[in-house]
Amino acid sequence: MDKVVIFDTTMRDGEQAPGATMNREDKLKMGHQLERLGADIIEAGFAANSDAEVEAIAAVAAEIRTPVICSLARTVARDVDEAWRSLKGAARPRIHVFTSSSDLHLAHMLRKSRQEVLDSAVAAIIRAKGYTPDVEFSPQDATRSDVEFLIDLYTAAIEAGATTINVPDTVGYAIPEEFEGLIRRLLTQVKDSGKAVWSVHCHNDLGLAVANSLAAIRGGARQIEVCVNGIGERAGNAALEEVVMAIHTRKDFLGVEHGLDTTQITRTSRLFTDITGIGVQVNKAIVGANAFRHESGVHQDGVIKERLTYEIMDPRDIGLSGNILHLGKTSGRAGFRAHLTQMGYSVTEEEFTKAWNAFRDLVGKKKYVDDRDVEALIAEEMRSVDEQYVLEQIQVSCGEPGIPTASVKIKAPDGAELVEAAVGDGPVDAVYKAITAAVGIENHLEEFSVKSITENTEAQGEVTIRIKVEGRTYTGRGVSTDIIVASAKAYLNALNRKLADQADRQVVSLSAPP
Ligand code: KIV
Ligand code: ZN
């Protein structure tokens, strides 16, 4: 059976989603988890974006040695050179060169003729081949392009040495049968098509990214580009977990297999949420909270009698243990360590001590602690953002009648203790005003949500917020048994993320002409 190569672009296309920005440490964490998951290729970023991006890709390339590490470049010499600068320490480097092929993109974005696009693609591929034998080529908007031109372009790309040929459905326009037909036609009519691996990259604007990816497999594609939780530009990219579990569950029909350890899927999904604060909807396939829950009596009855009546996948196959272990005050250090290992965490001694202290603190406030609490606690303690401002004290008074008032004490990066108080429309508003006065970063609060991690009233509350500062979105998360404290932590986390965002980041839009 043929193997389909899974190309993860969470750290590049996924990162283009608002609020999904990842710094160097975030990318390292995500990269290690993707390696544990067994992703074949990790696209770690777009090197020409900034020096910070080159450094982040280089760090991933230095530490993550099993998968191929890929860096994106437009068809200009500087981009290809920057991609190589980011990759030269990689065990298995790939340069991914892209341009556009639709007349719409050529006329309005690139302002180039078809011949100029073809020539620049060939020149960039040849330059990239000078650095590494593994070169991928993508023409954006392939699905709205003249197929005859696509055939010429792909033929020239293979002749220039591209070893992977990607067909991007950049705007999510394709329909599965049509897309399968396109892949078949390209495989038949592009000269020497067999010399390259055929890949697809599908966006989800019509909700068809996964369906199109699977149709492309039927048409002959053997690399699928995906993002964790389906994150990505606009409506996102094909979801990694959906594509992989579809191949896993329906290899009888698709006739291909994958090389991933599916039991790492849940952990990978949660790590992405922990890093970015972007969660998944409850009914999301595979990784949504309801994906394996049976509510109706008829369904419950069926599943109790025979799981297969209503379950096409075993939840354990995606890493859901199914049994939630309860920890409490009497749990010892060794038991807690063993439990973390059983849950799949590998933590350093320093991280373990932080997690243990937080756990002891939590069992003092909450009678039973289960896996969901432990996951939240680990995410909270291991948050990779450099916490420049640290919340030391918070006090709130509110009620009816009364004026909601908050005072905060925050430790600044220079060690100074900043004390501020404010009144607001409610306790959270008062806290945010006091923190804003202390930190001094004006911003616009775009989203605030609070959810309970477990069921009962003593449960931990998890607050996720999004703020906009100078046109960029930052997310923050905070967890506490007190939701006002969780709100303050989430807000400070977002502000710290803003501060950690490299000042020299000079964003180059993927749509900008080179
Ligand atoms: O959507 C797209 O076309 C892309 C390319 C750079 C592959 O992300
Ligand atoms: Zn894309």
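Within each chain, residues carry numbers counting from 1 in the order of the written sequence. Chain letters and ligand numbers both follow the written order, the letters beginning at A and the numbers at 1. Totals for whole chains, interfaces and linings use all residues, but because this is a predicted model, local features are given only for residues with pLDDT of at least 70 and pairs of side-chain atoms are given and counted only at 80 or more. The side-chain values count all of the structure's non-hydrogen atoms but skip hydrogen atoms and water molecules.

## Comments concerning the overall build of the protein
Definition in use: Helix and strand assignments follow DSSP, with helices taken as H or I runs no shorter than four residues and strands as E runs no shorter than two, numbered in order from the N terminus. Note that the radius of gyration is over C-alpha atoms, with the globule rule given as 2.2 Å times the number of residues to the power 0.38. We call a residue buried when its accessible area falls under 20% of the maximum for its residue type, exposed when it is over 50%, and partly exposed in between, using a 1.4 Å probe and counting protein chains only. Residues count as neighbours in contact if any of their non-hydrogen atoms are within 4.5 Å of one another. Using a 1.4 Å probe, the Shrake-Rupley method yields the accessible areas, and only the shown protein chains count as cover for residues. Positive: Lys, Arg. Negative: Asp, Glu. His and the chain ends are not part of the count. Every charge is mapped onto a representative atom, which is NZ of Lys, CZ of Arg, CG of Asp or CD of Glu.
Looking only at helices and strands, the protein features 17 helices and 16 strands. Taking 2.2 N^0.38 as the reference for a compact globule, 514 residues should give roughly 24 Å; the C-alpha atoms of the protein span a radius of gyration of 24 Å, in line with that estimate. Evaluated residue by residue, the protein yields a buried proportion of 55% over its 514 residues. Considering only contacts in the protein between residues 6 or more positions apart, those separated by 24 or more positions represent 67%. Here the protein has roughly 22,000 Å² of accessible surface; of this, 51% comes from carbon and sulfur atoms. The distance from the centre of the 57 positive side-chain charges to the centre of the 75 negative ones in the protein is 3 Å.

## Focus: the environment of His-444
Its location among the elements puts His-444 in strand 14 (residues 444–452). Separated by 430 residues in sequence, His-444 and Gly-14 place their C-alpha atoms 23 Å apart. Those residues in contact with His-444 that lie beyond four places of it in its chain are Arg-466, Ile-467 and Lys-468.

## Here's the deal with the pattern of salt bridges
Cut-off, in case you're wondering: A pairing counts as a salt bridge when a side-chain nitrogen of Lys or Arg comes within 4 Å of a carboxyl oxygen of Asp or Glu.
For the structure shown, the criterion picks out 36 salt bridges. Across the salt bridge formed by Glu-417 and Lys-409, the nearest N and O atoms sit 3.9 Å from each other. Judged by relative accessible area, Lys-409 falls into the partly exposed class, the value being 23%. Across the pair Asp-429 and Lys-433 runs a salt bridge whose closest N-O atoms are separated by 3.0 Å. One end of the pair is Asp-429 and the other is Lys-433, both in helix 16 (residues 427–439) and four residues apart, which spans about a single turn.

## Some details on the coordination of the zinc ion (ligand 2)
Our working rule: Donor atoms (N, O, S) are those found within 2.8 Å of the metal centre, with the cutoff raised to 3.2 Å for Na, K and Ca; water is not part of the atom list, so apparent gaps in a site can occur.
Around the zinc ion (ligand 2), the protein contributes the donor atoms Asp-13 (OD), His-201 (NE2) and His-203 (NE2), which lie 1.9 to 2.1 Å from the metal centre. Expressed as a motif, the donor residue spacing for the zinc ion (ligand 2) is D-x187-H-x1-H. Taken as a pair, Asp-13 in the loop between strand 2 (5–8) and helix 1 (24–37) and His-203 in the loop between strand 8 (197–202) and helix 8 (209–219) lie far apart in primary sequence, 190 residues in all.

## Notes on the site of ligand 1
Note the following rule: Distances are taken per atom, and a residue is near a molecule or strand as soon as one of its heavy atoms is within 4 Å of it. Polar contacts here mean pairs of N or O atoms no more than 3.5 Å apart (in protein, one a potential hydrogen donor and the other a potential acceptor; neighbouring residues in sequence count only if both atoms are side-chain atoms). Amino acid classes used here: Ala, Val, Leu, Ile, Met, Phe, Trp, Tyr, Cys and Pro are nonpolar; Asp, Glu, Lys and Arg are charged; the rest, including Gly, are polar.
Near ligand 1 the following residues occur: Arg-12, Asp-13, Phe-98, Ser-138, Gln-140, Asn-166, Pro-168, Thr-170, His-201 and His-203. Contact distances for ligand 1 include 3.1 Å between an oxygen atom and a side-chain N or O atom of His-201. In the environment of ligand 1, an oxygen atom lies 3.0 Å from a nitrogen or oxygen atom belonging to the side chain of His-203. Protein chains shield 98% of the accessible area of ligand 1, which is 260 Å² for the free molecule. For the shell around ligand 1, the elements supplying multiple residues, two or more each, are strand 6 (135–140) and strand 7 (164–169). Tallied by class, residues from the shell around ligand 1 come to two nonpolar, six polar and two charged.

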